[in-house]
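Survey of secondary and tertiary structure
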Amino acid sequence: MPPIDDATRPRVAGSVELTPQQRGAGDHLRMIHDHFRHQLETLTRAVESLRDGAGGVDAVRAGVHDLAPALSAQQVAGLCGQVCRFLTMHHTIEDQNLFPAVATMEAYAPVAARLAEEHLVVHAHLERVDDLALAVRTDPARVDELVEAVAGLRADLESHFAYEETEMTEPLGLLGLGV
């Protein structure tokens, strides 16, 4: 899957001055994203550890969900689904509530549409990483694919977060929407 292309993103941020109170929703969004950034760091360390022979596939799947690698494979699989659903829930809330409201502001409508499209890319990454984490359990030779998939997820998700934080702070503040 090709990486998200930053050059094709619509840009609107910087068109209005927000009060500190109006910036609150953007700050909260950044805090939510920072939690996911921490999980990406944990996942990256777990995958690299697996590749280098110092960890197991359970550590990788636990890293996806920021869990201790001491969990059983069955527990990790169940919790993996929970955390993937949390990120999906976060994106669903944005897709169903925030982006339609932002799209009512003509200048920001292209940004909301682009962010919704990027959610589909991120979801495809999450599915691929989890599928490969399971595949490596029976075929350890696929660990390099997993390392590459995690790097792709991290690059696109971090890019998506930065773009969303920059471009959504203004409309969220102007509309008085909380995250």
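Structure's up top.
The text that follows walks through the structure, step by step, so that each part is easy to find. Being a predicted model, the structure only gives us computed values, none of them experimental.

1. Regarding a nonpolar patch on the surface
- Nonpolar side chains collect at one region of the surface, where Phe86, Met89 and Ile93 lie side by side and expose about 270 Å² of accessible area between them.
- Mapped onto the elements of the fold, isoleucine 93 is located in helix H3 (residues 73-103).

2. Focus on the packing of aromatic side chains
- Under the counting rule described, the total for this entry stands at 1 aromatic pair.
- Ring geometry for phenylalanine 36 and phenylalanine 161: centres 6.1 Å apart, planes at 35 degrees, overall tilted. Of this pair, phenylalanine 36 sits in helix H1 (residues 24-51) while phenylalanine 161 is found in helix H5 (residues 143-175), placing the two residues 125 residues apart along the sequence.
- Judged by relative accessible area, phenylalanine 161 falls into the buried class, the value being 0%.

3. Structural notes on the packing of H1 against H5
- As a packed pair, H1 and H5 sit with axes 10 Å apart at the nearest point and diverge in direction by 170 degrees. Compared by their axis directions, H1 and H5 come out roughly antiparallel.
- The residue inventory of the contact of H1 with H5, partitioned by class, reads 17 nonpolar, 4 polar and 9 charged.

Thresholds, definitions, all that
- Residues numbered from 1 in each chain as written.
- Predicted model: local features only at pLDDT ≥ 70, side-chain atom pairs only at ≥ 80, totals over all residues.
- Heavy atoms only, no water.
- Patch = residues over 30% accessible without salt bridge, like charges linked within 9 Å, V, L, I, M, F, W, Y side chains within 5 Å.
- Areas by Shrake-Rupley, 256 points an atom, 1.4 Å probe, with all protein chains shown as cover.
- Salt bridge = Lys/Arg side-chain N within 4 Å of Asp/Glu carboxyl O.
- Helix = DSSP H or I, 4+ residues; strand = E, 2+ residues; numbered from the N terminus.
- Phe/Tyr/Trp six-rings, centres within 6.5 Å; stacked < 30°, edge-to-face > 60°.
- Buried < 20%, exposed > 50% of the residue type's maximum accessible area, 1.4 Å probe, protein only.
- Axes fitted to C-alpha atoms, helices over the stretch in contact; angles between N-to-C directions.
- Parallel < 35°, antiparallel > 145°, perpendicular 65-115°, else oblique.
- Nonpolar A, V, L, I, M, F, W, Y, C, P; charged D, E, K, R; others polar.

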